[in-house]
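A look at the structure
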Amino acid sequence: MSDNYSKVLLEESEMPTQWYNVIPDLPTPPPPPLHPGTLEPIGPDDLAPLFPMALIMQEVSTDSYIDIPGEVLDVYRLWRPSPLLRARRLEKALDTPAKIFLKYEGVSPAGSHKPNTAVPQAFYNAQEGVKRLTTETGAGQWGSALAFATAQFGLDCEVWQVRASYDQKPYRKTMMELWGATLHASPSNLTEAGRAILATDPDSPGSLGIAISEAVEQAAQSEETRYALGSVLNHVLLHQTIIGEEALLQLAKVGETPDLLVGCTGGGSNFGGLSFPFLREKLAGRMDPVIRCVEPAACPSLSRGEYRYDFGDTGQLTPLVKMHTLGHTFIPDPIHAGGLRYHGMAPLVSHIYNLGLVEAEAIHQTECFAAALQFARSEGIVPAPEPTHAIAAAIREALRCKETGEEKVILTALCGHGHMDMAAYEKYLAGELVDYEFPEAAIAEAMANVPVIN
Ligand SMILES: *Cc1c(COP(=O)(O)O)cnc(C)c1O
């Protein structure tokens, strides 16, 4: 291939047909989730009210590879394989010798990487006779992805959308309704968890932790209903590995190996999806990239949180999982990267970080939006607020390369477009976007509510 390409494509026939499970390749497995009552490791039966057995088995699987069902591959083919972009115009604007690659997931119907897991989750639920899925959504991307996926397999979909985002992003709501989903602003008065929050704070802007409690409570009450989570869990990260598997093939086509992977981390799924196949290569000694998580300075669960057992939701309905956490009652400041406003981090990403296999840095939102502007003006694509963190981190590195003259190959996931996020860009352009101080006191308060488990 000549060296003046700006994107690397795969044929449909080259699309990977298996997901990769990183757990068997790690030096130690991640600590198990615990039952909040007995503090014993939970078994598959404990999760059965919430998830179909196929997903529970994937959650605890020790197989390295899992076949992607044909029905799922058929839906993936609506947009996959996704392109690998080479950001030549950005490189030129930065005057850097570094090469910047972006795996672009904004080409999916919902505009992010989330359909990569929404589709198999809807498929396995439908296969096991489930009629309805409940879920939460923060920025609206996960709700959109699940609304799209459930429409593919004839399931009903009920979404609790964090109040702040429900009010700020009316078009995400319309998008979900267009695919057939039913929407509720969270906290709602439809659930005990929601009513409890409203009783103390009738104007609560909501949080992902609260919305999860509402969706879980509803699913647990009905035999025909299950719950779907868009990030954090092992099976979600598993489904997202199609991103990294494709990127490996695409980089090989142009004869490149990455020196640095950077990904934004909310719950860890786009990061895990991109990086785990490369971590496999690293652990096998076939390449040696630095792998870095980027998180918002207003919600820095990896770099400033503690690695402890905590609840996944505010209402304490989920199992206890060992993860980097800011405390399940922590409500982050309203930064525009709604998808990164989660108090915890995927147990798998937390474990890998704790093993020293990946690093983390936190960046404030104004630097991220400045990076997004430079990116949009050079490469054209308007990124979602979440991957602006990854772009800012890539630009930081590319500018360091300019100083040192290193020709590093940088790979990141451009995990969604920002077409539904114009309100955030409008604020940025008007000079109204602010950075929030590291919320030390709020985190200390929330950490006091984290159970003490030895
Ligand atoms: C949901 C979302 C995120 C955050 O979730 P992860 O599980 O960390 O990937 C980031 N970017 C986009 C575009 C999202 O939709």
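Attention here is on the structure that accompanies the text. Not measured: the values here are computed from a predicted model. (Residues numbered from 1 in each chain as written. Predicted model: local features only at pLDDT ≥ 70, side-chain atom pairs only at ≥ 80, totals over all residues. Heavy atoms only, no water.)

With respect to the overall build of the protein
Along the backbone of the protein there are 18 helices and 15 strands. Relative to the compact-globule value of 22 Å for 454 residues, the protein shows a C-alpha radius of gyration of 20 Å, a close match. Overall size of the protein, expressed as C-alpha extent along the three principal axes, is 60 × 50 × 45 Å. Going through the 454 residues of the protein one by one, you find that 60% of them count as buried. Counting only carbon and sulfur atoms, one obtains 50% of the accessible surface of the protein, whose full area is about 17000 Å². The average position of the 33 basic charges and that of the 56 acidic charges among the side chains of the protein differ by 6 Å. (Helix = DSSP H or I, 4+ residues; strand = E, 2+ residues; numbered from the N terminus. Rg over C-alpha atoms; globule rule 2.2 N^0.38 Å. Buried < 20%, exposed > 50% of the residue type's maximum accessible area, 1.4 Å probe, protein only. Areas by Shrake-Rupley, 256 points an atom, 1.4 Å probe, with all protein chains shown as cover. Lys, Arg positive; Asp, Glu negative; His and termini not counted. Charge placed at Lys NZ, Arg CZ, Asp CG, Glu CD.)

Some remarks on the environment of Cys293
Within the secondary structure, Cys293 is located in strand S11 (residues 290-296). We classify Cys293 as buried; its relative accessible area is 0%. Residues Cys293 and Ser275 lie 18 residues apart in sequence; the distance between their C-alpha atoms is 9.8 Å. Once residues within four sequence positions are removed from consideration, Cys293 is found in contact with Gly263, Thr265, Phe271, Leu302, Val349, Val358, Glu359, Ala360 and Glu361. (Contact = heavy atoms within 4.5 Å.)

Let's talk about the sheet that holds strand S8 (residues 182-186)
The strand order across the open sheet formed by four strands is S8-S7-S6-S9, and the pairing between neighbours is parallel. With partners counted over all chains shown, the strands left at the sheet margins are S8 and strand S9 (225-227), one partner each. Neighbouring strand axes in the sheet, compared pairwise and without regard to direction, differ in orientation by 25° on average. With six bridges joining them, strand S6 (residues 132-137) and strand S7 (residues 156-162) adopt parallel strand pairing. Considered in S7, the bridge of Thr134 is made with Glu158. Of the strands in this sheet, S6 and S7 touch helix H6 (residues 141-153), which is tilted by about 160° from S6. (Pairing = 2+ DSSP bridges. Axes fitted to C-alpha atoms, helices over the stretch in contact; angles between N-to-C directions.)

Examining the site of the ligand
The immediate surroundings of the ligand are formed by 17 residues, with Lys114, Ser231, Gly266, Ser269 and Asn270 found nearest. With respect to the ligand, the side chain of Gln141 contributes an N or O atom lying 3.0 Å from an oxygen atom. Taking Gly268, its main chain carries an N or O atom lying 2.9 Å from an oxygen atom of the ligand. Comparing atom positions with the cavity grids shows the ligand to sit within the largest cavity. Grouping the amino acids of the shell around the ligand by side-chain chemistry returns three nonpolar, 12 polar and two charged. (Near = heavy atom within 4 Å. Polar contact = N/O pair within 3.5 Å; in protein donor to acceptor, adjacent residues only side chain to side chain. 1 Å grid on protein atoms, 1.4 Å probe; cavity = no way out; pocket = protein on both sides within 12 Å on 5 of 7 lines; lining within 4 Å. Sits in = over half its atoms within 2 Å of the grid points. Nonpolar A, V, L, I, M, F, W, Y, C, P; charged D, E, K, R; others polar.)

Structural notes on the layout of surface pockets
Estimates place the volume of the largest pocket at around 650 Å³. Secondary-structure elements contributing two or more residues to the lining of the largest pocket are helix H1 (44-47), helix H2 (53-59), helix H10 (208-220), helix H11 (234-253) and strand S13 (320-325). Counting residues per element, the lining of the largest pocket draws most heavily on H2, which supplies three residues. Residues that form the lining of the largest pocket fall into these classes: 24 nonpolar, seven polar and two charged. If you add up the space inside the second largest pocket, you get close to 380 Å³. Lining the second largest pocket are 23 residues, and of these Ala164, Gln168, Pro334, Ile335 and His336 lie nearest its centre. Put simply, the parts of the chain that give the lining of the second largest pocket at least two residues each are helix H7 (163-168) and helix H17 (422-429). Among the residues forming the lining of the second largest pocket, the class breakdown is 12 nonpolar, six polar and five charged. (Points joined across faces, edges and corners; volume = space filled by probe spheres on them.)

Notes on the pattern of salt bridges
Taken as a whole and judged by the stated rule, the model has 23 salt bridges. Notably, a salt bridge pairs Arg308 with Glu306, separated by 3.2 Å at the nearest N-O pair. When its relative accessible area of 22% is taken as the criterion, Arg308 is described as partly exposed. Ionic contacts of the salt-bridge type, sharing partners, join the residues Arg292, Glu359, Glu397, Arg400 and Lys408 into one network. (Salt bridge = Lys/Arg side-chain N within 4 Å of Asp/Glu carboxyl O.)

Section: empty space enclosed by the protein
Applying the stated criterion across every chain, the model contains three cavities of 30 Å³ or more. In terms of lining residues, the largest cavity is bounded by 30 residues, among which Lys114, Leu208, Ser231, Gly267 and Gly339 are the most central. Counting residues per element, the ones that place at least two in the lining of the largest cavity are S6, H6, H10 and helix H12 (269-283). Of the residues contributing to the lining of the largest cavity, the split by class is 12 nonpolar, 15 polar and three charged.

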